[in-house]
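A structural walkthrough
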Amino acid sequence: MGRLKLQSGIKAIEEEPEDCDTTYSNKATLACMINSEVGAVLAIMRRNVRWGGRYMSGDDQLEHSLIHSLKALRKQIFLWQHQWHTISPAVYLQPFLDVIQSDETGASITVDAVTSCRFEVTDPASEEVVLMKILQVLLACMKSKASVMLSNQHVCTIVNTCFRIVHQAEKKGELLQRIARHTMHELVRCIFSHLSNVDNTEHALVNRTGTAKQELGGMDNDYAFGAKQAENGNGFEYDGQASSGSFASNGSAGLVATVREESMMVAGNGKETVPYDLHLMTELYGVPCMVEIFHFLCSLLNAVEHVGMGPHSNTLAFDEDVPLFALGLINCAIELGGPSFRRHPRLLSLIQDELFRNLMQFGLSMSPLILSMVCSIVLNLYHHLRTELKLQLEAFFSCIILRLAQGKYGASYHQQEVAMEAFVDFCRQKTFMVEMYANLDCDITCSNVFEDLANLLSKSAFPVNCPLSAMHILALDGLIAVIQGMAERIGNGSVNSEQAPVCLVEYTPFWMVKCDNYGDPSYWVPFVRRRKYIKRRLMIGADHFNRDPKKGLEFLQGTHLLPDKLDPQSVACFFRYTAGLDKNLVGDFLGNHDEFCVQVLHEFAGTFDFQDMNLDTALRLFLETFRLPGESQKIQRVLEAFSERYYEQSPQILANKDAALLLSYSLIMLNTDQHNVQVKKKMTEEDFIRNNRHINGGNDLPREFLSELYHSICKNEIRTTPEQSFGYPEMTPSRWIDLMHKSKKTAPFIVADSRAYLDHDMFAIMSGPTIAAISVVFDYAEHEDVYQTCIDGFLAVAKISACHHLEDVLDDLVVSLCKFTTLLNPSSVEEPVLAFGDDTKARMATVTVFTIANRYGDYIRTGWRNILDCILRLHKLGLLPARVASDAADESEHSADPGHGKPITNSLSSAHIQSIGTPRRSSGLMGRFSQLLSLDTEEPRSQPTEQQLAAHQRTLQTIQKCHIDSIFTESKFLQAESLLQLARALIWAAGRTQKGSSSPEDEDTAVFCLELLIAITLSNRDRIVLLWQGVYEHIANIVQSTVMPCALVEKAVFGLLRICQRLLPYKENLADELLRSLQLVLKLDARVADAYCEQITQEVSRLVKANATHIRSQMGWRTITSLLSITARHPEASEAGFDALLFIMSDGAHLLPANYVLCVDSARQFAESRVGQAERSVRSLDLMSGSVDCLARWVHEAKEAMGEEDAAKMFQDIGDLWLRLVQGLRKVCLDQREEVRNHALLSLQKCLTGVDGIHISHGLWLQCFDLVIFTMLDDLLEIAQGHQKDYRNMEGTLILAMKLLSKVFLQLFHELSLLTTFCKLWLGVLSRMEKYMKVKVRGKKSEKLQELVLELLKNTLLVMKTKGVLMQRSALGGDSLWELTWLHVNNIAPSLQSEVFPDQDPEQSLLKHGETGGVVSGETVSDPSNETPAAEGAGAGG
């Protein structure tokens, strides 16, 4: 049976001969080879007496049959005519195999081996050589191409033989031991590497156990080697005194025998393992032999459990050697078989149950080697089979890793270290933590493994009152591996930072929530998030329940986890699946006699699966979930519910549920008896059996059954007061059975891909402890590689926080990091710059802070304050590059022209040009460096050392790496909320320094903050609305609180002006707001305003020139003109102010109805101002008079563009503007300076007469005469008569004024004469002429003036006569105009009437005047139809 059966297919292994010569050569060579081997074997055999010859009866010398067969072969090999590849190898190998298999063959003769060889012990050395040869041949068989032809039996036999040699080698030399074990490994590798190519053979299983037993019985002769080994003295029987590494005796019985025996045994779960059909064992090898081998390897672990604890054995050595060997082989099989195990249920079942059960046991071994190997196996299983091992993995991490890695429960430091190393290996698997979270933390029936593991890493990285150790660094590596895994997933898409919060709107049974598709993230992601929400709510509910059960249930009803009307099933499931419940309260509730509580109890029992479970195991599991109440009635109710459920599911031995109840009671009593220290006399097995007679429906239960229960209870107490804590439980046999039951019903394992579906939720859980742990390690660390590890962690945390919009986390990180920069510490060192250069940790932290600020600034909120504190500290140390405070907009010029007044310098602008010998502190980066190199003249300094120079150089390089300026220059890309927080931080930092005592350093800080604030404001013109309020209030605060000129108020005022300059073109909707802010300048303290007036005016002038077209509102222009008007009386500023006004008003370029009056008023103030030459006043007047053209243009445009009604309104408004203009000019007509006064009169005349294009209503003209012309004439008259010395040559002025009156009156005569109030107006003209006729300038009458008045009056009268307005009418009631005219004219020049009206009798007119009795209101006698033209011209649109 052990021989290799050669198939025709083997021929394919040899190559076909190519030609005749080659064929002959090959034939001869092979024949010679075989001949040589025959000769060598015969020679050795002849040395031995037993082979030398045989004598029979008679003297016939007969050769031994073995020698004979070799000689016969020798004879044949040269005679064969056939090709060698056509000859069966059995023909020429058989004689050699017969020699090897002969019982008479010694080790020295055996040069090859197969599995069934036997030999007597000769000398130990040659025996070891032969065993090695055997191992070589076995391995060669499995590794050869022909191995595919081996059957399952052959492979099992080969492995069995190899294992026997491993066992035998324990008493041999070290070399044989190592080779034997290595061969065993190689065999397992060969066999299981074949698994991926094997089809599933489960269909061929034979379920007829009896038949299988009979068939296996026939295999004894070939496979039950154990019995025959003992006969030859080479048996593998186990000796307690054997070497420390000896293998168990049940291993010696041989693989197949062991497997055959165990396959008939009832397994721990009560099921029989079905053996393979004998027919399958003789087929080409595949899964059957692998199942047998894997089962055999697992049985080696069981063997250790049962045999390894002999009283005299070296337990640790034994504990290590056998399981290590078995675990190594198992690991090898799993590595090679990989995911193919999943396709073969028999193999998978072995891994899920038997293997994992053993791993759980050996995981708590004191041997670090075994623990390490167990962890390696689990890691392999995770990689290949995690979808099939969900609950097993949970148990491994809860009961092994978390117990050991914490160093609790008596774990040694070595165990702790190995467990942590293994766990960190898991952390390095990219999807491990995600899968733990999705499958376990988000499952209400599982523990929060992810949360526990994350906490373990954080706590283990914390050095508490001790220096940093390798364990801390290891935990840190694991923590950072998890974080970096999350960070890497960010780039893979599917990051939905705005996940909708889970909300339950109505009640659905939480234990029945299912996912439609566990393979599709669009299904399972919302499913697990919902499940996690439910689990969290249940935990909160448990907390409420523990304080007050009634309120706890009400809370859960409020969150829709329990129905509004409680039903027993939902409450039962709450008790069953919620962790953290007070088990005393649950026990009291379940034991209550209330009908609802009884229903809940039965539903609660119904949640357990007791299928095929021993009664004691079931009872243990049931009583683990609550504390059994103390009252007998409650106990009875609880046990009745249990018994009913148990009998329903496992009725095999018990006759009815009463039997189950009685036996359960009996077990509880036995448990109390055996494990209560107060019970002195313990119950014996016989007592227990006797107590339980006739309880099974009147019959006895099987003695073996009761005996097994008795020993189980004695050995392992049923805890009726289960642990309340959240500690990590120990894996007991009953819990393992329960786990295997649950694993059949648990939700499928969710396999995570490389996308960040759940990272937001996971990171929110672990971020706080993570940042704290990394920070503490960073604080304690002393080596640069640890620093770098921490920095990598910090950056990964920042990336995740930013990606998932966890602003609070990012702020915490920034706060933590800023502490390590040492920049926030009060400076106690003399040379902080050098100290910083020497501090690697501080420099790395600083670069990291600014890297985070630049990369993830969008999500920084309050953290900006800490970052800003660092920047300010660097600023105080003079380490910032000059660029930082310059604004980020495209223009690079400063806000003041250095050629005029004091330049507005950037506080850092001169950083790079500081003189090397300057005694004061330089402000720039290079300045700081040059300061180090300088030799101070007042206080000689020693030349800096090389170390100092190197430290300084490192500092400079660090600051350059920070790219601090980018924070502000790139602020336009910041998200709105972050930008707002940055601005607020700047305002806060600047305001903080103002509140305290204002030292020069504090003022420098405030100025620097203000520069940065202005810079980001200018960079973010598109979002000015966001920043404006804060910036304006800050600047207003500075302006209103400053009473003396200083750099801060200077920066505030000119910063404000620059903001307006730069933003007006882009923000027309904000123009008013921006310009209104300039009113702050008007509120400056007089001393401050005076100091900066010229520069302010220059800036306003620039603003106007650049943005005149963007200023549209009256309010905006009012601010501008107010600022310009103030400068009219300032010696230095007036020129720039007038320049701006000139720009606005020249040719009406930027005059608008909105700014017309304001500009005219400003021009009037410049005209009245005596600062500068009179020429400027004249030019101002020209601007005023020139603006009339602008009014005319607007009227023309209105006519063309508007409808009648709108145009009329426009004309009226323009008329009002014109009236304001002439009123302004009237005021300048009273100026002391003759040139200005006279020019004002001429300008006024131009404005009054050059109005053809402007529609001025009659009413407006009447106002103009009253408010402007008459008032001006009266004022000038008053001045002339007042003998004021300041007014020179008033005569000329009066002449011009009288000419103006006449000219205007005559020009408007036609329209005015039609008015009903003409008489009043005319009398006003006459009265002024009369006054001017009589005026005395400097005490004497002016002849020129008198002549002019007479001439003008005569001309006027003639015009009136010509127009038919002034004529005597014989109408009823008299002619008041005629009479009143002559009454006044005769006072001026009595002769004029006769000159104008030579035909009239003057006395007659006077007589009539006397009759009328004086002046009446007067009405013209003109035809009413003549008023029509005047009416048309009345009124103008605005």
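Everything quoted here is computed from the prediction, not taken from an experiment.

1. A few points about the overall build of the chain
When helices and strands are counted, the chain shows 64 helices and four strands. Taking all 1438 residues of the chain together, 53% fall into the buried category. If you take every contact in the chain between residues at least 6 apart in sequence, the share linking residues at least 24 apart comes to 75%. By element, 51% of the accessible surface of the chain is carried by carbon and sulfur atoms, the whole surface being about 64,100 Å².

2. Re the pattern of salt bridges
Inspection of the entire model under this criterion finds 41 salt bridges. With its nearest N and O atoms 3.2 Å apart, the salt bridge here joins Asp425 to Arg428. The partner of Arg1193 in a salt bridge is Glu1197, and the shortest N-O contact between them spans 3.8 Å. Here the residue Arg1193 and the residue Glu1197 both occupy positions in helix H53 (residues 1174-1201), the gap between them amounting to four residues, near one helical turn. Ionic contacts of the salt-bridge type, sharing partners, join the residues Glu170, Arg181 and Asp321 into one network.

3. A word on the packing of aromatic side chains
Enumeration over the complete set of coordinates arrives at 45 aromatic pairs. With a centroid separation of 5.3 Å and 35° between ring planes, the pair formed by Phe622 and Phe642 is classed as tilted. Placement of Phe622 in helix H28 (residues 615-624) and of Phe642 in helix H29 (residues 632-649) is noted, with a sequence separation of 20 residues between them. The buried category is assigned to Phe642, whose relative accessible area is 0%. Ring pairing ties together the aromatic residues Phe604, Phe608, Phe610, Phe622, Phe626, Phe642 and Tyr646, which thus form one cluster. Above the ring of Tyr382, the side-chain terminus of Arg386 is found at 4.7 Å from the ring centroid. Directly above the ring of Phe608 sits Arg576, whose terminal nitrogen or CZ lies 3.8 Å from the centroid.

4. Quick word on helix H41 (residues 946-962)
An ideal rise of 1.5 Å per residue puts 24 Å on 17 residues; H41 measures up with 25 Å between its terminal C-alpha atoms. The complete set of buried residues in H41 reads Ala951, His952, Thr955, Leu956, Thr958, Ile959 and Cys962. Projected onto a plane normal to the axis of H41, the buried residues spread over an arc of 160° and lie on a single side. Projecting away from the buried face of H41 at angles above 90 degrees are the exposed residues Glu946 and Lys961. Backbone geometry just downstream of H41 places His963 in the positive-phi region, at approximately 50°.

5. Points about the packing of H53 against helix H55 (residues 1234-1249)
At a minimum axis distance of 9 Å, the contact between H53 and H55 shows a crossing angle of 5°. Judged on the interaxial angle alone, H55 and H53 are roughly parallel. Facing H53, whose interface residues are Ala1174, Ser1177, Val1178, Leu1181, Asp1182, Met1184, Ser1185, Gly1186 and Val1188, H55 presents Glu1235, Val1236, His1239, Ala1240, Ser1243, Lys1246 and Cys1247. Residues of the contact of H53 with H55, tallied by class, amount to eight nonpolar, five polar and three charged.

6. Regarding the environment of Arg861
Structurally, Arg861 is set in the loop between helix H38 (840-856) and helix H39 (863-876). The exposure class assigned to Arg861 is buried, which follows from its relative accessible area of 12%. For the pair Arg861 and Arg984, spaced 123 residues apart in sequence, the C-alpha separation works out to 9.8 Å. Discounting residues that sit within four places of it in the chain, Arg861 has contacts with Glu807, Asp811, Gln975, Glu977, Ser978 and Gln981. At 3.5 Å, the side chain of Arg861 forms a polar contact with the side chain of Glu807.

7. Thoughts on the nonpolar core
If you look at the biggest cluster of nonpolar residues, it comprises 418 residues, and the most contacted ones within it are Phe294, Phe423 and Trp1218. Per element, the largest residue contribution to this core is 13 residues, and it comes from helix H56 (residues 1258-1281). When neighbours within four sequence positions are excluded, Phe423 is seen to be in contact with Phe397, Ile401, Phe432, Met433, Leu453, Leu456 and Leu457.

8. Focus: unusual backbone geometry
For residues besides glycine, phi is generally negative; the peptide bonds are generally trans as well. In this structure, Asp612 is a non-glycine residue whose phi angle is positive, near 55°. Mapped onto the elements, Asp612 comes out in the loop between helix H27 (595-606) and H28. With a phi angle near 55°, His694 is a residue other than glycine that sits in the positive phi range. Following the sequence through the fold, His694 ends up in the loop between helix H31 (685-691) and helix H32 (703-715). According to the relative accessible area criterion, His694 is exposed, its value standing at 53%.

9. Observations regarding the environment of Thr1293
Mapped onto the elements, Thr1293 comes out in helix H57 (residues 1290-1307). For Thr1293, a relative accessible area of 0% puts it in the buried group. Among all residues touching Thr1293, those that are not within four sequence positions of it are Arg1237, Asn1238, Leu1241 and Leu1276.

10. A word on the packing of helix H34 (residues 759-780) against helix H36 (residues 807-820)
Axis separation between H34 and H36 bottoms out at 10 Å; the angle between their running directions is 5°. Regarding the angle of H34 to H36, the classification is roughly parallel. Contacts between H34 and H36 involve Phe763, Ser767, Ile771, Ser775, Phe778 and Asp779 on the former and, on the latter, Val809, Asp812, Leu813, Ser816 and Phe820. Its residues assigned to classes, the contact of H34 with H36 shows six nonpolar, three polar and two charged.

11. Examining the state of the cysteines
Inspection of the entire model under this criterion finds zero disulfides. With no disulfide partner, Cys1264 has as its closest neighbouring cysteine sulfur the one in Cys1247, 10.0 Å distant. Judged by relative accessible area, which is 0%, Cys1264 ranks as buried.

12. Things to note about the side chain of Thr1381
With respect to the helices, strands and loops of the structure, Thr1381 is situated in helix H61 (residues 1376-1388). Other than its neighbours up to four places away in sequence, Thr1381 contacts Trp1322, Leu1326, Leu1357 and Leu1366.

13. Digging into the environment of Thr1317
By secondary structure assignment, the location of Thr1317 is in the loop between helix H58 (1309-1313) and helix H59 (1318-1334). Separated by 55 residues in the primary sequence, Thr1317 and Leu1262 place their C-alpha atoms 8.8 Å from one another.

14. Structural notes on helix H7 (residues 174-193)
The end-to-end C-alpha separation of H7 is 28 Å, in line with the 28 Å expected for 20 residues at 1.5 Å each. Three or more residues of H7 are buried, namely Leu176, Gln177, Ala180, Arg181, Thr183, Met184, Glu186, Leu187, Val188, Cys190, Ile191 and Phe192.

15. Some thoughts on the side chain of Gln1061
As for its placement among the helices and strands, Gln1061 is situated in helix H46 (residues 1047-1063). Classification of Gln1061 by relative accessible area gives buried; the value is 17%.

16. A look at the confidence of the model for the chain
Across the chain, pLDDT averages 80, with 80% of residues at or above 70. In the predicted structure, residues 306-317 sits below a pLDDT of 50 and forms ten contacts with residues beyond four places in sequence or in another chain.

How each quantity is defined
For every chain, the first residue of its written sequence is number 1, and the numbers climb from 1 along that sequence. Confidence filtering applies because this is a predicted model: local features only for residues at pLDDT of at least 70, side-chain atom pairs given and counted only at 80 or more, and all residues used for totals across whole chains, interfaces and linings. Processing note: side-chain calculations cover all non-hydrogen atoms of the structure and skip hydrogens and water entirely. Secondary structure is summarised from DSSP: a helix means a run of H or I of at least four residues, a strand means a run of E of at least two, and numbering begins at the N terminus for each. For every residue, the accessible area (1.4 Å probe, protein chains only) is compared with the maximum for its type, and the residue is labelled buried under 20%, exposed over 50%, or partly exposed between those bounds. Contact between two residues is taken to exist if any of their heavy atoms lie within 4.5 Å; hydrogens are not considered. What sets the accessible areas is the Shrake-Rupley method with a 1.4 Å probe; for residues, cover comes only from the shown protein chains. Criterion for a salt bridge: a side-chain nitrogen of Lys or Arg within 4 Å of a carboxyl oxygen of Asp or Glu. Working definition: a ring pair exists when centres of Phe, Tyr or Trp rings (six-membered ring for Trp) sit within 6.5 Å. Plane angles under 30 degrees give stacked, over 60 give edge-to-face, the rest tilted. Consider the ring centre and the ring normal. A charge sits over the ring if Lys NZ or Arg CZ is within 6 Å of that centre and within 35 degrees of that normal. Given the number of residues in a helix, its expected span is that number minus one, multiplied by 1.5 Å. Picture the helix axis, draw a direction to every C-beta atom, and the arc is the one those directions span. Every axis in this analysis is a line fitted to C-alpha atoms, fitted for helices over the stretch in contact. Angles between the N-to-C directions lie between 0 and 180 degrees. Any angle from 65 to 115 degrees is called roughly perpendicular, while one under 35 is roughly parallel, one over 145 is roughly antiparallel, and all others are oblique. All amino acids are sorted into three groups, where Ala, Val, Leu, Ile, Met, Phe, Trp, Tyr, Cys and Pro are nonpolar, Asp, Glu, Lys and Arg are charged, and the leftover types, Gly among them, are polar. By the criterion applied in these results, polar contacts are pairs of N or O atoms within 3.5 Å in which, for protein atoms, one can donate a hydrogen and the other can accept it, and in which residues neighboring in sequence qualify only through two side-chain atoms. In plain words, nonpolar cores are sets of buried Ala, Val, Leu, Ile, Met, Phe, Trp, Tyr and Cys residues tied together by side-chain atoms within 4.5 Å. Cysteine sulfur atoms are paired as a disulfide whenever they fall within 2.5 Å. Every residue is assigned a pLDDT by the predictor, reflecting its confidence on a scale from 0 to 100.

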